[in-house]
Every structure is written in C-alpha cells, then in structure tokens.
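Reading the structure
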Amino acid sequence: PRVVFSGIQPTGVPHLGNYFGALSQWVEMQNSPEPQTLLYSVVGLHALTMPQDAKKLREDRLNTLASILAVGVDPKKAVLFFQEDVPHHAELAWLLNCMVNIGRLKRMTTWKSKLQIQQNLDVDTEVDESGLNLGLFTYPVLQAADVLLYRTTHVPVGEDQRQHLELARELAQKVNRVMKTDFFPLPMAVTNPAKRILALRGSPPKKMSKSAPDERSRIMITDSSEYIQHKIKTAVTDSVDPEAIADESVPNLADLSPGVANLYTIMSCCTGEDTSDIIPRYYRQRYGRLKADVAEAINAKIAPIRAEFERLKRPENAGYLTQVAAEGRERASEIAEKNLSQIKALLGIQRI
Ligand code: TYM
C-alpha cells in the first residue's frame, strides 16, 4: 500500500502557489480508492532555519493547521500533525546527517537563495558562506528524514521541491545499499508542472512565496474579495498593447510574458478550464477585463476556504484544533516509533 507524506512550513497563511502546487493535491489524494496511509505535516523545525518571532510562529502554526483543514484535508482520512511534536524526525535527521557529505549539500540551491536574500545580494553574487546557518544548510536532510521516517512512496509537492526529493531518494538508496536491505522505498515526487504559480510582482517574477517582503506579490487563501481585486489589479503584466497586435493567431501560454501567462495559469487552476480555451476569450484586449475575471475566479475558488478558515479560528473551535493535533501526533508517533527502531537496529544502535 502506498504511503503519502508531505509538509508545509508554518511561515504564514498558505498562498495560491501552496494551494495549487501542493494542498489541492493533498485533498485529491484522499479520494484515491487505493489502500494508503496519508501523512500531512506542518513542519515547524524547518521554519526555525530562518529567524522567527516565537509568538508569531505559534500563531502561524495554528493558522497553517486551520488552513489545511479549511482547504479540505480530512483528519479522519489523513494523519495531520506538527512535525515538532514527533521527535523522531530530528533523530532520523541526525542519522542521515552522518551519511551525507558537504559537497552534496552545497549543490542544493535553496540555502544559497535564502542566504542571498538575507545578505541582500543579487542572484549571481557569491554568498558569504561563513554566515550560513547550519540548520539551513542541512534543511534538505531534515526533509529527507520527514519522508523516509514513514517509508513514504509518494510526495505531493510543488515543482520547487524536486531537488529536495532527489536527495531523499539518494539517501534511501544509500542506506539500502550500505545496510544491505530494501527497507526504504524510493519516494516519488507527485507534481503538476502546469501549476507553478509566480509572484504577482517583481521582474523577472520569481515563484509566489510566503517570504517575499511585498505582501501584494501573493494571494493568501484567506484574502478578502477586495484585497484579491486590488492585488490582481496591480499585478505586473507587460507594456504590450494587446489591441495593437497585428498577428491574428492566438498565442500559446509560452509565448506570453510571464506576468500575463501567470494570470492565465491562475485562472485555469481556479476554473479547471485549459489555458488554451481561456486565452482566445481575452487575447487582443486590454488586460483590465482579464484581471477582473481572474480576481473573480480566485474569489469564487477561495471564498468557501476563507469562510471555513474563519469558522475554525473562532475561539470556540480552538479545542478542535488542539484535538486534531493531538490525534495526529499520536498516530504519526506510532508509525515513526516502529520505523525508527528498525532503522536504529539496522545501524546497530538499538536498545540493548
Ligand atoms: P513550503 O512551505 O515552501 O511550500 C509548501 C508546498 O507548496 C509548494 N509551493 C508552490 N507550488 C507552486 N507554486 C508556488 N509558487 C509554490 N510555492 C510553494 C511547495 O512546493 C510545497 O509543496 N521544504 C518544504 C516543506 C517540507 C516538505 C517535507 C515537503 C518539509 N518536509 C517533506 C514535502 C515532504 C517547503 O518549504 O514547502
């Protein structure tokens, strides 16, 4: 039977990129007829690789849990838990740290880009590695531990997590080889490449992210209808005057500037319609109408999520959130305990 694991950092309310890239798949996988174990985790230990305010982090963790429930993850079908509640993650991360070399981790791009942001550097500038936080550097090993701890087979994530998954696969193979076992299945990323959502601002636009300083660059799944309209209205497009284009043929998504293509992608994610069916309706018109309709499509999609989030956040439901977390912690711990003791036995550090 398949084992599905995925995680999200509690660094704020999830945005459309998180939702279309990952969370919507989390929900979909619940309805698979296959026998499966689903584990979805709010990964607080990963959040600590960047500076955090303790009070805000606590609030963000609760908001992230409520968001996952609001998008439709059912705690009866999936084990929903806080990573930091299950100490086995950190323990396995240590064991895996002992099996990976610095050269391999240096080839990962995540720490470099985070450090570039921290040091306020351009993309091509060499970062000062002596300032590199060790936790941030070994972040992908902790992620591999998350996945391998449950002997995961499938990992529903956005495109940007592929390199992390590749390391998890390598480590699974390495342990299997060195320990002469087939204990770890090779975890497979389940991604939808069409669903890489870009930031609404910035040139060239990067992926939509929770950490970008300008809040208008992302749409949170709890944003009000007015705020969505405002953010989409001010989203970067291009200076092409669509009405002045001589070429009559309808362009492909790939022919459009990134900002415009992104609006079509978002619309397609919201309505389920193919971009090739949407583009002809707006091509050769000014972007105003497209933007108004994109904002409306987003609002239609997230209005029920927003309402459910607000319901879950009411004081009388605080107990429900704690209960979900407690049940998740218990179920995750049980699997983690069983698997980790087998891994420790493979390494010769079992209880004597
Ligand atoms: P995080 O918290 O950055 O993002 C959560 C999920 O959202 C996806 N995502 C996107 N997809 C499409 N377009 C975007 N603009 C976009 N931005 C984010 C991410 O790919 C991710 O699937 N390292 C992970 C958390 C993690 C994890 C794990 C994931 C820790 N352990 C084990 C899977 C398995 C992260 O920072 O995700």
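Since this is a predicted model, take the numbers as computed values, not measurements.

**Remarks on the domain arrangement of the protein chain**
By domain assignment, the protein chain separates into domain 1 (2–100 + 138–190 + 316–347) and domain 2 (215–311). Taking the mean C-alpha position of each, domain 1 and domain 2 sit 31 Å from one another. Contacts between domain 1 and domain 2 engage 12 residues on the former and 15 residues on the latter. Overall, the association of domain 1 and domain 2 removes approximately 1200 Å² of surface from exposure, summing both partners, and the carbon and sulfur fraction of that is 78%.

**Focus on the site of the ligand**
The environment of the ligand is made up of 27 residues, and the closest members are Tyr139, Gln143, Asp146, Asp160 and Ile197. Within the backbone of glutamine 9, a nitrogen or oxygen atom sits 2.9 Å from an oxygen atom of the ligand. The separation between a nitrogen atom of the ligand and a polar side-chain atom of aspartate 146 is 2.7 Å. Calculation on the ligand without its partners gives an accessible area of 710 Å², and the protein chains cover 96% of this total. Looking at the shell around the ligand, the elements that each hand over two or more residues are β1 (2–8), α1 (16–29) and α8 (139–149). Broken down by class, the residue content of the shell around the ligand amounts to 10 nonpolar, 11 polar and 6 charged.

**Quick look at the packing of helix α3 (residues 54–70) against helix α13 (residues 287–312)**
It is the contact of α3 with α13, at a shortest axis distance of 9 Å, that shows an interaxial angle of 130°. Between α3 and α13, the angle falls in the class oblique. Here the hand of the crossing between α3 and α13 comes out right-handed. Only Ile305, Glu308, Phe309 and Leu312 of α13 make contact with α3, whose side of the interface consists of Asn63, Ala66, Ser67, Leu69 and Ala70. Its residues assigned to classes, the contact of α3 with α13 shows 6 nonpolar, 2 polar and 1 charged.

**Digging into the nonpolar core**
Of all hydrophobic cores here, the largest spans 59 residues; its most connected members are Tyr40, Val73, Ile232 and Ile298. Per-element accounting of this core gives the leading share, 10 residues, to α13. The residues that make up this core include at least three from each of domain 1 (2–100 + 138–190 + 316–347) and domain 2 (215–311). Those residues within four positions of valine 73 in sequence are excluded, and the remaining contacts are Trp26, Val27, Gln30, Tyr40, Ile68, Ala78 and Leu80. Counting residues in hydrophobic clusters, the runner-up holds 43 residues, among them Val79, Phe137, Ala172 and Leu340.

Calculation rules
- Residues numbered from 1 in each chain as written.
- Predicted model: local features only at pLDDT ≥ 70, side-chain atom pairs only at ≥ 80, totals over all residues.
- Heavy atoms only, no water.
- Domains from an automatic or database assignment.
- Contact = heavy atoms within 4.5 Å.
- Buried area = accessible area lost by both parts, 1.4 Å probe.
- Near = heavy atom within 4 Å.
- Polar contact = N/O pair within 3.5 Å; in protein donor to acceptor, adjacent residues only side chain to side chain.
- Areas by Shrake-Rupley, 256 points an atom, 1.4 Å probe, with all protein chains shown as cover.
- Helix = DSSP H or I, 4+ residues; strand = E, 2+ residues; numbered from the N terminus.
- Nonpolar A, V, L, I, M, F, W, Y, C, P; charged D, E, K, R; others polar.
- Axes fitted to C-alpha atoms, helices over the stretch in contact; angles between N-to-C directions.
- Parallel < 35°, antiparallel > 145°, perpendicular 65-115°, else oblique.
- Left-handed = near helix turned anticlockwise from the far one by under 90°.
- Core = buried A, V, L, I, M, F, W, Y, C linked by side-chain atoms within 4.5 Å.
- Buried < 20%, exposed > 50% of the residue type's maximum accessible area, 1.4 Å probe, protein only.

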